[in-house]
Amino acid sequence: MMEGSDDGPDFLSEEDRGAAEALPVMTAGPSRCSHLKKPSRERSSRWDMLRAINVDLQTDAALQVDISDALSERDKVKFTVHTKSSLPNFKQNEFSVVRQHEEFIWLHDSFVENEDYAGYIIPPAPPRPDFDASREKLQKLGEGEGSMTKEEFTKMKQELEAEYLAIFKKTVAMHEVFLCRVAAHPILRKDLNFHVFLEYNQDLSVRGKNKKEKLEDFFKNMVKSADGVIVSGVKDVDDFFEHERTFLVEYHNRVKDASAKSDKMTRSHKNVADDYNRIGSSLYALGTQDSTDICKFFLKVSELFDKTRKIEARVSADEDLKLSDLLKYYLRESQAAKDLLYRRSRSLVDYENANKALDKARAKNKDVLQAETTQQICCQKFEKISESAKQELIDFKTRRVAAFRKNLVELAELELKHAKGNLQLLQSCLAVLNGDT
Amino acid sequence: MASERELSLLADVRPVDFEVLEDGKNVFVSPVSTLESSPSSPEPASLPAEDLSTNSNGPKPAEVMPDDDREDLFAEATEEVSLDSPERDPVLPPESPPVITPVTPTTLVAPRMELRSVTAPVIFDRSREEIEEEANGHLLDVEINVSDPEKVGDGMNAYMAYRVTTKTSLSMFHKNEFSVKRRFSDFLGLHSKLATKYIHIGYIVPPAPEKSIVGMTKVKVGKEDSSSAEFVEKRRAALERYLQRTVKHPTLLQDPDLRQFLESSELPRAVNTQALSGAGILRMVNKAADAVNKMTIKMNESDAWFEEKQQQFENLDQQLRKLHASVETLVCHRKELSANTAAFAKSAAMLGNSEDHTALSRALSQLAEVEEKIDQLHQEQAFADFSVFSELLGDYIRLIAAVKGVFDHRMKCWQKWQDAQVILQKKREAEAKLQLANRPDKQQQAKDDIKEWETKVQQGEKDFEQVSKTIREEVQRFERERVKDFKTVIIKYLELLVQTQQQLIKHWEAFLPEAKSIA
């Protein structure tokens, strides 16, 4: 959050130089995160932290992808995808294109639908940018402007803007992580659609799914999950996969639960920080109006609460980042891993069915050749998937452990840093107050 | 187990004690002069001491303490100090009896209490130092504890009895230490007696804690859950603060009703305090009438001081209410945070269980433990937020209402004086008329009337002046007390916050190596 408030002036500087009080998001004109072009140390460290979700990234010179800029308009976000590559497939070594969220989804779906990639964990699609909650809050603040003091209003506005900025950064990071994962994957990075996505500097004309297609998707998902239940009933010959399946199902559910609870916890934390804000304002008012010598006292304590609030807000933001986001990401990844296992089981069932069909054909001595070829194909498919799936799942585990480790360590370090900062604030304030009395 | 409970109760009570001890010195003015002459008393630089010597309108000295008593007082003081023994185990005062029926509040609140007895030592140190300082320079007078809430009877006739323990060195009390059992309506009765006697002459009488039908009914019905335990604890603390404020007031301290309340083992039941009694209804009617009168009285304020002060108190009232509301929201949110942290801890433990990488699994379980401990911290902090900060604000909001009441009485007094003047004028006119009509028989009557009303007018004026003077003194005293109270409480609150942060640091420092050791 602190970074948000640091960026406050940048955030506003692109537009609204005239209108002092107008809330930047609500007025016409896009708000730009142009500072992304020249990341400061603090901000780039934030990107690093976000990339920590996947640790094995971007030391690869052959293909480096990142999002160098982003523009938030009223109902969409435009990402500038910047690529640096030494691969021969591209016309240039370095280039940028502008992409929207729907185009990312298109790319993800193209991977999922590609049979060749059935044996890989497809990196989960980034979530849709959702600023509705934040916009609503800013709007409510604008409406309630008359009912609070100027200081309070400015404070709350800054806070909400910081929140908006944080959400913005997060969505940019999520999209970036997706691209980086694809770029890091030895097979997926060669995908043609991916190259088109990176290079083609016209609009890809990917429209979002209309209602009919969304309905189709919905039914497809239902069929898939029903199928999944059937398919999962089949006991796997391979212990490794059997174990992985049981593990993943349980893990996925627990990560979902943990992610939800972590979200609630960080939100509560934020509420407490907001309360400190109000208390600080009240104390300030008391201090300025009081006639006795306690007014200095109140003012000092009010100052303390203001500073403490910033720290508490940062604690909440860091927890959100290190814990909630981590869990949310692994929720999606474990789902992708489950999907992989489903595809493998599906192909196993197909293989077994093909075997049975072959036996039947041989018995009847009819269409044997056809049955044989089908069986061959199924066999190959199954073996191909199994082989790559095994490696993918092992990689998944390694990635997961590394990511958790990094994030937990950083979480603990940040919590310590903030607690110590808080402690110092409190102690120095106490020293002053005790000295006065 | 019982001793543990009492121990922890006292731990809870102790930190508050030293406030009383510190403030006790307000009561004695004359001893200051004897102290100044005594070679062994370095005046501590604390604020109230200076107040005493310079404040001419200080309270009338309760008793002039002869020098030999002073020795006793110092003995008492050192006795006090030794009670807070170095092992930091609060020693039971000799009078307090074993708890008879362990009431749910203590057992339910015990976890918090015990934890607070861990936190209390920090405050202990300070109070001991200050007690020593005090003992050198000043006299300790009255220390009041309210403890051991006990449920008596059952069903709807049940009530909570509280033990009120007084420790004092004043000779107007029969003993140095004594305790009695009182119930809530007794406190209300005391307040109403003091109010009738003192408010109309301008003294700010501290208001009693508020009734709560819902809370009490739950306790009566025997609902043994944490909310009724909390309620009893809240009430106990409020009653203690009420009595402490009342005895700090030098004039009220001398009141025989107060003495009777503190000392006598049997107290006549104060039935007039019941909300639905005849007296209660009468009170409500009077309140309504007062409100109407207040609006109709248009006072010519000759003294700008009063107008200014009234305005100030209005502002203060508003600000305090706002702050109070914010702090209550904070308490609420912290409780929420605590609940959510606990839920997350459980969830993280489950996740750790299902994680098949051993080191990560262990680290996740550790994380769950850390979060659980943090949840505890949040709970304690929420309790502190409430009991230290929020309650103080609530008390002061009620106190300011009492101050406003006193101002209103002054207005009524003024009105009475003015009314008397009007009647006097009428009587004079009547007399003049009679003179013209030459009615000597009625003239004597008229002259007597005039005399009567002249005295009444004089009395009215004197009363008004007296009330105004008293109010000035009272308001100044109130302001001093307010400043001190707020400073002490806020500092205490900040210290509790400090402790929370220190604990947080400890927990996370323990977790960090675990996280780093994930291979």
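All values reported here derive from a predicted model rather than from experimental measurement.

Visitor: Help me get a handle on the overall build of chain A, residues and values and all.
Guide: Broken down by element type, chain A carries ten helices and four strands. Scanning chain A from its N terminus toward the C terminus, one meets helices and strands in the order α-β-α-β-β-β-α-α-α-α-α-α-α-α. Counting every position in chain A, which comprises 437 residues, the buried fraction comes to 51%. By sequence separation, contacts in chain A at least 24 residues apart represent 75% of the contacts at least 6 residues apart. Of the roughly 20900 Å² of accessible surface on chain A, a fraction of 53% belongs to carbon and sulfur atoms.

Visitor: With reference to specific residues and values, describe a nonpolar patch on the surface.
Guide: Side chains of A:Leu215, A:Phe218, A:Phe219 and A:Met222 sit close together on the surface and give an oily, nonpolar patch of about 420 Å² of accessible area. By the element assignment, A:Phe218 lies in helix H7 (residues 211-232).

Visitor: Report on helix H13 (residues 358-437) of chain B, specifying residues and quantitative values.
Guide: All names here are of chain B. Along its 80 residues, H13 runs 116 Å from first to last C-alpha, staying within 8% of the 118 Å computed at 1.5 Å per residue. The axis of H13 is deflected most strongly, by about 30°, at Ser390. Positive phi shows up at Asn438, right after H13, with a value of about 55°.

Visitor: Can you tell me about the environment of B:Lys427, naming the residues and giving the values?
Guide: All names here are of chain B. Among the secondary structure elements, Lys427 is positioned in helix H13. Along the chain, Lys427 and Asp449 lie 22 residues apart, while their C-alpha atoms are 6.8 Å from each other. Leave out the neighbours within four places in its chain, and Lys427 touches Asp449, Ile450 and Trp453.

Visitor: Just give me the short version of the interface of chain A and chain B, but keep the residues and values in it.
Guide: In this assembly, 63 residues from chain A lie in contact with 57 residues from chain B. Where chain A touches chain B, the interface holds five salt bridges. At the surface where chain A touches chain B, the tally comes to 14 residue pairs in polar contact (both at pLDDT 80 or more). Looking at the side of chain A that touches chain B, the elements with two or more residues in it are helix H8 (239-289), helix H9 (294-364) and helix H10 (368-436) of chain A.

Visitor: Outline the side chain of B:Arg410, listing residues and values.
Guide: Residues and elements named next belong to chain B. Secondary-structure assignment places Arg410 in helix H13. Using a relative accessible area of 3% as the deciding quantity, one classes Arg410 as buried. Within the structure, the side chain of Arg410 is placed 3.0 Å from the side chain of Ser468, a separation counted as a polar contact. Residues within four places of Arg410 in sequence aside, it is in contact with Met299, Glu301, Phe306, Phe464, Val467, Ser468 and Ile471.

Visitor: Report on the sheet that holds strand S2 (residues 159-168) of chain B, specifying residues and quantitative values.
Guide: All names here are of chain B. Read from one edge to the other, the open sheet built from three strands follows the order S1-S2-S3, with strand pairing classed as antiparallel. With partners counted over all chains shown, the strands left at the sheet margins are strand S1 (142-152) and strand S3 (177-183), one partner each. Here the average twist between neighbouring strands, direction ignored, is 20°. Where S2 and S3 come together, seven bridges link them in antiparallel fashion. In the sheet register, Lys167 faces S3, and the bridge partner there is Glu177. Along the sheet, helix H6 (residues 184-198) makes contact with S2 and S3, crossing S3 at roughly 100°.

Visitor: Can you lay out the packing of H6(B) against helix H8 (residues 226-248) of chain B for me, pointing to particular residues and giving the numbers?
Guide: Residue and element names in this part refer to chain B. As a packed pair, H6 and H8 sit with axes 12 Å apart at the nearest point and diverge in direction by 30°. For the element pair H6 / H8, the angle class is roughly parallel. Between H6 and H8 the crossing geometry is left-handed. Across the interface between the two elements, Phe184, Phe187, Leu190, His191 and Leu194 of H6 pack against Arg235, Leu239, Tyr242, Leu243 and Thr246 of H8.

Visitor: How would you sum up the nonpolar core? Please name residues and give values.
Guide: Counting residues in each nonpolar core, the largest one holds 155 residues, and the members touching the most others are A:Leu408 and B:Trp508. Residue contacts for A:Leu408: discarding those within four places in its chain leaves A:Leu323, B:Leu360, B:Leu364, B:Leu367, B:Phe511, B:Ala515 and B:Ile518. Counting 29 residues, the second largest nonpolar core, distinct from the first, contains A:Val77, A:Phe90, A:Phe95 and A:Val97.

Visitor: Pulling in residues and values, what's your account of the pattern of salt bridges?
Guide: Summed over the entire model, instances satisfying the criterion amount to 53 salt bridges over all chains. Among the ionic pairs, A:Asp320 bridges to A:Lys170, the shortest N-O distance being 2.6 Å. You can see A:Asp320 sitting in helix H9 and its partner A:Lys170 sitting in helix H5 (residues 150-184), a full 150 residues away along the chain. The class of A:Asp320 is buried, set by a relative accessible area of 17%. For A:Lys170, a relative accessible area of 19% puts it in the buried group. A salt bridge links B:Asp317 to B:Lys404; the nearest nitrogen and oxygen atoms lie 3.2 Å apart. Of the two residues, B:Asp317 sits in helix H12 (residues 304-354) while B:Lys404 sits in helix H13, which places them 87 residues apart along the sequence. On the basis of relative accessibility, which here comes to 6%, the residue B:Asp317 falls in the buried class. What you see here is one network of salt bridges that share partners, running through B:Arg241, B:Arg245, B:Glu391, B:Asp395, B:Arg398 and B:Asp485.

Visitor: An account of the packing of aromatic side chains is needed here, citing residue identities and associated values.
Guide: Enumeration over the complete set of coordinates arrives at 29 aromatic pairs over all chains. Ring centres of B:Phe187 and B:Phe261 lie 5.0 Å apart, and the angle between their planes is 70°; on these two criteria the pair is classed as edge-to-face. One end of the pair, B:Phe187, is in helix H6; the other, B:Phe261, is in helix H10 (residues 256-263), and 74 residues separate them in sequence. This pair shows no difference in class: B:Phe187 is buried, exactly as B:Phe261 is. Aromatic pair B:Phe389 and B:Tyr493: ring centres 4.9 Å apart, planes at 40°, arrangement tilted. In this pair, B:Phe389 sits in helix H13 while B:Tyr493 sits in helix H14 (residues 440-516), placing the two residues 104 residues apart along the sequence. Ring-pair connections join several aromatic residues into one group, and the members of that group are A:Phe298, B:Trp305, B:Phe306, B:Phe313, B:Tyr396, B:Phe407, B:Phe478 and B:Phe486. The ring centre of B:Phe261 lies 5.3 Å from the NZ or CZ of B:Arg182, which sits over that ring.

Visitor: Run through the pairing of strand S3 (residues 77-85) of chain A, naming residues and quoting values.
Guide: Residues and elements named next belong to chain A. Counting buried positions along S3 yields seven of nine residues, so the element is predominantly enclosed. With nine bridges joining them, strand S2 (residues 63-72) and S3 adopt antiparallel strand pairing. Paired with Asp66 across the strands is His82, a residue of S3. As consecutive antiparallel partners, S2 and S3 are separated by four residues. Where S3 meets strand S4 (residues 94-100), seven bridges bridge the pair, whose relative direction is antiparallel. Of the residues in S4, the one forming a bridge with Thr80 is Val98.

Visitor: Lay out unusual backbone geometry in plain terms, naming residues and giving numbers.
Guide: All names here are of chain A. Non-glycine residue Asn365 carries a positive phi angle of around 55°. The topology assignment puts Asn365 in the loop between H9 and H10. Judged by relative accessible area, which is 65%, Asn365 ranks as exposed. Of note in the backbone geometry, Asp367 takes a positive phi value of approximately 55° without being a glycine.

Visitor: With reference to specific residues and values, describe the packing of H12(B) against H13(B).
Guide: Residues and elements named next belong to chain B. Put simply, H12 and H13 touch, their axes get as near as 7 Å, and they point 165° apart. Taken together, the axis directions place H12 and H13 in an arrangement best described as roughly antiparallel. Note that H12 runs across H13; the crossing there is left-handed.

Cut-off values and rules
- Residues numbered from 1 in each chain as written.
- Chains lettered and ligands numbered in written order.
- Predicted model: local features only at pLDDT ≥ 70, side-chain atom pairs only at ≥ 80, totals over all residues.
- Heavy atoms only, no water.
- Helix = DSSP H or I, 4+ residues; strand = E, 2+ residues; numbered from the N terminus.
- Buried < 20%, exposed > 50% of the residue type's maximum accessible area, 1.4 Å probe, protein only.
- Contact = heavy atoms within 4.5 Å.
- Areas by Shrake-Rupley, 256 points an atom, 1.4 Å probe, with all protein chains shown as cover.
- Patch = residues over 30% accessible without salt bridge, like charges linked within 9 Å, V, L, I, M, F, W, Y side chains within 5 Å.
- Salt bridge = Lys/Arg side-chain N within 4 Å of Asp/Glu carboxyl O.
- Expected span 1.5 Å × (residues − 1).
- Bend = angle between axes of the 7 residues up to and from the residue.
- Polar contact = N/O pair within 3.5 Å; in protein donor to acceptor, adjacent residues only side chain to side chain.
- Pairing = 2+ DSSP bridges.
- Axes fitted to C-alpha atoms, helices over the stretch in contact; angles between N-to-C directions.
- Parallel < 35°, antiparallel > 145°, perpendicular 65-115°, else oblique.
- Left-handed = near helix turned anticlockwise from the far one by under 90°.
- Core = buried A, V, L, I, M, F, W, Y, C linked by side-chain atoms within 4.5 Å.
- Phe/Tyr/Trp six-rings, centres within 6.5 Å; stacked < 30°, edge-to-face > 60°.
- Lys NZ or Arg CZ within 6 Å of the ring centre and 35° of its normal.

The analysis is restricted to geometry; functional conclusions fall outside its scope.
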